[in-house]
Amino acid sequence: MNSHHIYPVELLSKELKEKHLTQRAKVIWFTGLSGAGKTTLGQRLEKELFARGFLCQILDGDNIRSGINKNLGFSEDDRVENIRRVAEVAKLFLNCGIITINCFIAPTHQIREMAASIVGNQNLIDVFIDAPMSVCEDRDTKGLYRLARAGKIQQFTGVNSVFEPPVNPSIRIQTDIFTIDQCVDLLLDKIIPEISF
Ligand code: ADP
């Protein structure tokens, strides 16, 4: 090694970066059916946390499937790979002291367990954004249920691809019962203690 240069002996630690940001980094993972409210609540949660001084990064289909995962489809294998990469990206943010809000269906126990093992159980807050299929289908915010029912989308979760509801999530939010504002308040009550010093 060239003695004129001083090379860092190690990466700055997660703990040091958390102190710098005065927050505890977590991966907040919203799972649930299409139309359950993951994106809506994820975006609201980010704004509310930002206003309270917390730095978050939303990871969702818009910024992941269009970029790092644009070579992936919706087959079983591609869904696993999609979630694996999302979890690895979240882990990078985590080690930088930044809270991620992941809005991905993550349809099976197995896929969610893989994500948990990548980011570490102690770092994960898994949130089940829960609404009955019939409510999600009535909302049909993106018109995707209609297309799936018409046979124009294959492997659409809930219609012709499995969704296994989380059995014991850290937080469960019933979006068919509570208003958006109520859901956001519930989330803030549960999450703020987890991310504060
Ligand atoms: P997802 O990201 O899970 O596919 P979206 O957030 O895109 O779902 O869509 C959820 C839809 O449901 C939005 O149109 C939203 O306005 C509506 N909605 C009604 N009540 C709620 C609630 N309590 N929480 C979240 N979304 C709700």
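Residues numbered from 1 in each chain as written. Predicted model: local features only at pLDDT ≥ 70, side-chain atom pairs only at ≥ 80, totals over all residues. Heavy atoms only, no water.

## As for the layout of surface pockets
Reported here for the largest pocket is a volume of approximately 850 Å³. Lining the largest pocket are 37 residues, and of these Ser34, Lys38, Thr39, Ile105 and Lys142 lie nearest its centre. Among the secondary structure elements, those contributing two or more residues to the lining of the largest pocket are helix 2 (38-51), helix 3 (61-64), helix 4 (76-95) and helix 8 (180-195). For the lining of the largest pocket, the leading source of residues is helix 2, giving four residues. Broken down by class, the residue content of the lining of the largest pocket amounts to 17 nonpolar, 13 polar and seven charged. Each pocket or cavity is described by its volume, and for the second largest pocket that value is around 290 Å³. Taken together, 15 residues make up the lining of the second largest pocket; nearest its centre are Arg112, Glu113, Ala116, Leu124 and Asp126. Elements that contribute at least two residues to the lining of the second largest pocket include exactly strand 1 (27-31), helix 5 (109-119) and strand 4 (124-130). Ranked by residue count, the leading element in the lining of the second largest pocket is helix 5, at five residues. Looking at the lining of the second largest pocket residue by residue, the classes come out as eight nonpolar, four polar and three charged. (1 Å grid on protein atoms, 1.4 Å probe; cavity = no way out; pocket = protein on both sides within 12 Å on 5 of 7 lines; lining within 4 Å. Points joined across faces, edges and corners; volume = space filled by probe spheres on them. Helix = DSSP H or I, 4+ residues; strand = E, 2+ residues; numbered from the N terminus. Nonpolar A, V, L, I, M, F, W, Y, C, P; charged D, E, K, R; others polar.)

## Re the side chain of Arg85
Assignment of secondary structure puts Arg85 in helix 4. On the accessibility criterion, Arg85 (17% relative accessible area) is buried. Those residues within four positions of Arg85 in sequence are excluded, and the remaining contacts are Ile68, Asn69, Asn71 and Leu72. (Buried < 20%, exposed > 50% of the residue type's maximum accessible area, 1.4 Å probe, protein only. Contact = heavy atoms within 4.5 Å.)

## Quick notes on the site of the ligand
Near the ligand you find 17 residues, and of these Gly35, Lys38, Thr39, Thr40 and Phe178 are the closest. In the model, an oxygen atom of the ligand is placed 3.3 Å from a nitrogen or oxygen of the Ala36 main chain. Taking Thr39, its side chain carries an N or O atom lying 2.6 Å from an oxygen atom of the ligand. Starting from 570 Å² of accessible surface for the ligand in isolation, the protein chains cover 81%. For the ligand, the cavity whose grid points lie within 2 Å of the majority of its atoms is the largest pocket. Put simply, the parts of the chain that give the shell around the ligand at least two residues each are helix 2 and helix 8. Broken down by element, the shell around the ligand gets its largest block of residues, four residues, from helix 2. Class assignment of the residues belonging to the shell around the ligand gives a composition of six nonpolar, eight polar and three charged. (Near = heavy atom within 4 Å. Polar contact = N/O pair within 3.5 Å; in protein donor to acceptor, adjacent residues only side chain to side chain. Areas by Shrake-Rupley, 256 points an atom, 1.4 Å probe, with all protein chains shown as cover. Sits in = over half its atoms within 2 Å of the grid points.)

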